[in-house]
Amino acid sequence: MRVIDAHVHLYPPEAGREPTAWAAARGEPHWAELCTRRRRDGRPVQTFPTVDELLRAMDADGVDRAVLLGWYWEQPATCVLQNTFYAECVRAHPDRLAAFATVQPAAGPAALAEVRRAVGEGLVGLGELSPHSQHVAVDDPVWGELLTLAGELNLPVNLHVTDPASRKFPGRVDTPLEDFVQLARAFPGTKFILAHWGGGPVYAEALKIFPNVHFDTAASPLMYEPGAAGQMLAALPAGRVLYGSDYPLVLYPKNEALPGFAGFLDELKAAGASAATLGGNAEREFAW
Ligand SMILES: [Zn+2]
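The paragraphs below set out a description of the structure included in this document.

### Let's talk about the coordination of the zinc ion
Glu 128 (OE), His 160 (ND1) and His 196 (NE2) make up the full set of protein donors to the zinc ion, lying at 1.9 to 2.3 Å. Motif for the zinc ion, donor spacing along one chain: E-x31-H-x35-H. Residue Glu 128 is found in strand E4 (residues 126-129), and its partner His 196 is found in helix H9 (residues 195-199); the two are separated by 68 residues along the sequence. Looking at His 196, the relative accessible area reads 5%, which means it is buried.

### What to know about the packing of aromatic side chains
To describe a pair of aromatic rings, you give the distance between the ring centres and the angle between the ring planes. As enumerated under the stated definition, the model contains 12 aromatic pairs in all. Arranged with centres 5.6 Å apart and planes meeting at 70°, the rings of Trp 22 and Trp 73 form a pair that is edge-to-face. One end of the pair, Trp 22, is in helix H2 (residues 19-26); the other, Trp 73, is in the loop between strand E2 (65-68) and helix H5 (76-92), with 51 residues separating them in the sequence. Here the two residues Trp 22 and Trp 73 agree in accessibility, since each one is buried. Ring pairing ties together the aromatic residues Tyr 11, Trp 22, Trp 31, Phe 48 and Trp 73, which thus form one cluster.

### A few points about the nonpolar core
Core analysis: the largest hydrophobic core is formed by 71 residues, its most contacted members being Leu 54, Leu 68, Trp 143, Leu 159, Leu 207, Tyr 243 and Phe 261. The leading source of residues in this core is helix H7 (residues 141-152), at 6 residues. The contacts of Leu 159, once residues within four sequence positions are left out, are Glu 128, Leu 129, Pro 131, Trp 143, Phe 180, Leu 183, Phe 192, Ile 193, Leu 194 and Ala 195. Ala 15, Trp 22, Tyr 72 and Cys 79 belong to the second largest nonpolar core, which has 12 residues in total.

### Looking at the pairing of E4
Sheet analysis places E4 next to strand E5 (residues 157-159), joined by 2 bridges and oriented parallel. Counterpart to Leu 126 in the pairing with E5 is Val 157.

### Some thoughts on the pattern of salt bridges
Pairing between side chains of opposite charge can happen when the charged atoms of each approach one another. Under the criterion given, the structure shown has 9 salt bridges. Asp 41 is paired through a salt bridge with Arg 43; the nearest N and O atoms lie 3.0 Å apart. Owing to a relative accessible area of 32%, Arg 43 belongs among the partly exposed residues under this scheme. The closest approach of N and O atoms between Arg 91 and Glu 121, which form a salt bridge, is 3.4 Å.

### Some thoughts on the side chain of Asp 5
Mapped onto the elements, Asp 5 comes out in strand E1 (residues 4-8). Within the structure, Asp 5 has its side chain in polar contact with the backbone nitrogen of His 7 (distance 3.0 Å). Excluding its chain neighbours within four sequence positions, the residues that come into contact with Asp 5 are Val 63, Arg 65, Ala 66, Val 67, Tyr 243, Gly 244, Ser 245 and Phe 261.

### A look at the sheet that holds E5
Across the sheet, which stays open at both edges, the 5 strands sit in the order E4-E5-E6-E7-E8 with parallel pairing between neighbours. Single-partner strands in this sheet number two, and they are E4 and strand E8 (241-242). Note: strand E7 (residues 213-216) against E8, 2 bridges, orientation parallel. Note on E8: the bridge partner recorded for Asp 216 is Leu 242.

### Notes on the environment of Thr 148
Structurally, Thr 148 is set in helix H7. In the structure, Thr 148 is positioned 107 residues away from Asp 41 in sequence and 45 Å away in space, judged by C-alpha atoms. Here Thr 148 is in contact with Phe 187 and Thr 190, once residues within four sequence places are set aside.

Rules used in this analysis
Residues numbered from 1 in each chain as written. Predicted model: local features only at pLDDT ≥ 70, side-chain atom pairs only at ≥ 80, totals over all residues. Heavy atoms only, no water. Donors = N, O, S within 2.8 Å, 3.2 Å for Na, K, Ca; no water. Helix = DSSP H or I, 4+ residues; strand = E, 2+ residues; numbered from the N terminus. Buried < 20%, exposed > 50% of the residue type's maximum accessible area, 1.4 Å probe, protein only. Phe/Tyr/Trp six-rings, centres within 6.5 Å; stacked < 30°, edge-to-face > 60°. Core = buried A, V, L, I, M, F, W, Y, C linked by side-chain atoms within 4.5 Å. Contact = heavy atoms within 4.5 Å. Pairing = 2+ DSSP bridges. Salt bridge = Lys/Arg side-chain N within 4 Å of Asp/Glu carboxyl O. Polar contact = N/O pair within 3.5 Å; in protein donor to acceptor, adjacent residues only side chain to side chain.

Here's what the structure looks like:
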């Protein structure tokens, strides 16, 4: 069985060294708010590993391949920077890494050109995107053109979804259910991967009727009680659930100081996750 983590984030080394200053200089306050958060005890919610640290963590915990997801950057220039960094990562480690591109629809036609450029550089999907965080309406014409292009080029589109029942935290952005229903309906030729169980049990129940909608498991241990994974796996179509961690978030802050994969993989296996969920579905969905 091959284990493929379909939801991993990495950032250019300069972002990891001084995240707050880097984000301020680039006009990315929302990223800074979310990614430099600290828990009440002062520990960071995530680290900023290098690509070599990621590969070592994957080796240690039995992850064969990681799909690197970008971020819903506010600035088009940051999207280009991230896509370029990811293209380098994938060129260096084509057997271990795949990567999705990010774009800011507000860039207009330049966003479409950036998707084509990134695909030419070897990127295989779009995401993690969030029109709600990128200040773009779901019926925005450029956003629509991007989703149509993604369908034509067979690029899966990973979207961030917030569970409305989850606890409020600084930087949390609401993502109404009807927006995802509208997108799934309006773009039947586009494969969507809705992150974080598609926004939890209520959203997932409403969205699983759409055959072009897939779900990932990212950050589940931080958001739900143990046991939730088993319920979600039982409720969702087995062919449309992808294991994703949201590394480098620390998923078990009570007993882990550094991010890793093993704890959540163990939790998913104990909850009955199939080989398809742990890697087979991802292997089928992405053009490697
Ligand atoms: Zn997310």
